[in-house]
Amino acid sequence: MGLNSFKRALWVYHLNTGSCNGCDIEILAALTPRYDLERLGIVLVGSPRHADVLLVTGPVTRQMAPRLKRIYEQTPDPKVVIAIGSCGIEGGVFYESYNLVGPIDQIIPVDVYVPGCPPRPEAIIEAVVKAWVKLEKAAGQKVA
Amino acid sequence: MNINPLDFWNPLICIISFIVLIAAIYLFRSRGQKKYKKGTAQTQIFLSGEEAPGAEQQHIKAHNIYWGFFQALKQYYDPAIKAHTGIINDYIIWFIALTAAIAVILFVVGLI
């Protein structure tokens, strides 16, 4: 990936749809000084209306489904969705629960999948980079 | 002579400051995101994923002040509210039933 990909900061909104917090802790680990995603301009933001990327964890509980959909709709285009963790991809250990309407791609379109329970920060960083490339393609920018 | 800077007043400087401020606001605003889709959820208020209530629902009703009062008298209010169906037939049934009950009581007492 060339320097064209770093023309502007990538703003990410993190949403937990019923995760056990394992994946969320790994996302935070990616922001700690050991990995320090912010040095690359990847920042967590507090509102999807400011975000380029939705980072979704959890298997989507019944209560969270309409909220997930609403947050997706409130994110400006072009946007990319990353499903973090096995739960968000196929239900994980919760797959038999009566209270699930997920996985995530049953509710909103997902662009990048990161399997793992939980996935390591390196995997999350790689997913964000892939999402970034996809986002730039969608935005019609040059990708090296 | 002691001059307080807060006492200084020059209309020309005020107007120029105002114009500069407006220009700065316009410049800042014009650099904002323009790609959002108007008339969709992208323009709605973000409330942590909750549905934003309509403008007419965003005030606190005076009824809320009496919450404790209604809560304390719930046993009375719940059946009373349930009985008020708004259907005229129900009210007529109540009227006939109560009239009959009063008539029976008066008859038993010996007043009629």
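This write-up is about the structure you can find in this document. Just so we're clear, the structure is a prediction, and the values are computed from it rather than from any experiment.

Looking at the sheet that holds strand β5 (residues 112-114) of chain A
Residues and elements named next belong to chain A.
Link 1 in the chain: Within the open sheet, the 5 strands sit side by side as β2-β1-β3-β4-β5. Their pairing is parallel. Edge strands, defined here as strands with exactly one partner in the open sheet, are β2 (42-44) and β5. In this sheet, neighbouring strand axes are inclined to one another by 25° on average, regardless of whether the strands run parallel or antiparallel.
Link 2 in the chain: The sheet contacts of helix α1 (residues 22-31) involve β1 (10-16), β2, β3 (53-57) and β4 (80-84), and relative to β3 the element is tilted by about 140°.
Link 3 in the chain: Each of β1, β2, β3, β4 and β5 is contacted by helix α4 (residues 121-138), which is oriented at about 160° to β4, the strand it contacts most.

Brief notes about the interface of chain A and chain B
Link 1 in the chain: With 14 residues of chain A at the contact, the number on the chain B side is 12 residues.
Link 2 in the chain: Taken over both partners, the interface formed by chain A and chain B buries close to 1,200 Å², and the fraction arising from carbon and sulfur atoms is 46%.
Link 3 in the chain: Considering only the surface of chain A that becomes buried against chain B, R70(A), Q74(A) and D77(A) emerge as the three largest contributors, covering 45% of it.
Link 4 in the chain: Our enumeration of links across chain A and chain B arrives at 2 salt bridges.
Link 5 in the chain: If you look at where chain A meets chain B, you find 8 residue pairs in polar contact (both at pLDDT 80 or more).
Link 6 in the chain: If one sorts the elements of the side of chain A that touches chain B by residue count, helix α2 (residues 64-74) of chain A sits on top with 5 residues.
Link 7 in the chain: Among the residues making up the side of chain A that touches chain B, the classes are represented as 4 nonpolar, 4 polar and 6 charged.

Some thoughts on the side chain of Q74(A)
Link 1 in the chain: Inspection of the secondary structure puts Q74(A) in helix α2.
Link 2 in the chain: By relative accessible area, which is 1% here, Q74(A) ends up buried.
Link 3 in the chain: Reaching out from Q74(A), the side chain makes a polar contact with the backbone oxygen of I45(B) at a distance of 3.0 Å.
Link 4 in the chain: Not counting the four nearest positions on each side in its chain, Q74(A) is found in contact with P48(A), R49(A), A41(B), Q42(B), Q44(B), I45(B) and F46(B).

Digging into the nonpolar core
Residues and elements named next belong to chain A.
Link 1 in the chain: L10, I42, V53, L55, I82, I84 and V128 are the most contacted members of the largest nonpolar core, which totals 22 residues.
Link 2 in the chain: Among the elements of the structure, β1, α1, β3, β4, β5 and α4 are those that each provide at least two residues to this core.
Link 3 in the chain: Sorting elements by how many residues they give to this core places α4 first, with 7 residues.
Link 4 in the chain: With residues near it in sequence (within four places) discarded, V53 still touches L10, W11, V12, Y13, V80, I82 and L135.
Link 5 in the chain: Within the second largest apolar cluster, 17 residues are counted, among which are A51, L54, A65 and I71.

So, the packing of aromatic side chains
Where two aromatic rings form a pair, the distance of their centres and the angle of their planes describe that pair.
Link 1 in the chain: If you walk through the whole model with that rule in mind, you get 5 aromatic pairs over all chains.
Link 2 in the chain: A centroid spacing of 5.8 Å and a plane angle of 80° characterise the contact between F69(B) and F70(B), whose relative ring orientation is edge-to-face.
Link 3 in the chain: A relative accessible area of 28% places F70(B) in the partly exposed class.
Link 4 in the chain: One aromatic cluster is present, built from ring pairs that chain together F69(B), F70(B), Y76(B) and Y77(B).
Link 5 in the chain: We note K79(A) situated over the ring of Y72(A); from NZ or CZ to the ring centre the distance is 4.2 Å.

Some details on the pairing of β3(A)
All names here are of chain A.
Link 1 in the chain: In terms of burial, β3 is largely enclosed, as 5 of its 5 residues are buried.
Link 2 in the chain: Side chains V53, L55 and T57 project from β3 onto one buried face, and the interleaved L54 and V56 project onto a second face that is buried too.
Link 3 in the chain: Sheet topology note: the β3/β4 ladder contains 5 bridges and is parallel. Directly across from L55, in β4, lies its bridge partner I82.
Link 4 in the chain: Running through α2, the crossover from β3 to the neighbouring parallel element β4 is right-handed.

Calculation notes
- Residues numbered from 1 in each chain as written.
- Chains lettered and ligands numbered in written order.
- Predicted model: local features only at pLDDT ≥ 70, side-chain atom pairs only at ≥ 80, totals over all residues.
- Heavy atoms only, no water.
- Pairing = 2+ DSSP bridges.
- Helix = DSSP H or I, 4+ residues; strand = E, 2+ residues; numbered from the N terminus.
- Axes fitted to C-alpha atoms, helices over the stretch in contact; angles between N-to-C directions.
- Contact = heavy atoms within 4.5 Å.
- Buried area = accessible area lost by both parts, 1.4 Å probe.
- Salt bridge = Lys/Arg side-chain N within 4 Å of Asp/Glu carboxyl O.
- Polar contact = N/O pair within 3.5 Å; in protein donor to acceptor, adjacent residues only side chain to side chain.
- Nonpolar A, V, L, I, M, F, W, Y, C, P; charged D, E, K, R; others polar.
- Buried < 20%, exposed > 50% of the residue type's maximum accessible area, 1.4 Å probe, protein only.
- Core = buried A, V, L, I, M, F, W, Y, C linked by side-chain atoms within 4.5 Å.
- Phe/Tyr/Trp six-rings, centres within 6.5 Å; stacked < 30°, edge-to-face > 60°.
- Lys NZ or Arg CZ within 6 Å of the ring centre and 35° of its normal.
- Right-handed = clockwise from strand over helix to strand, strands pointing away.

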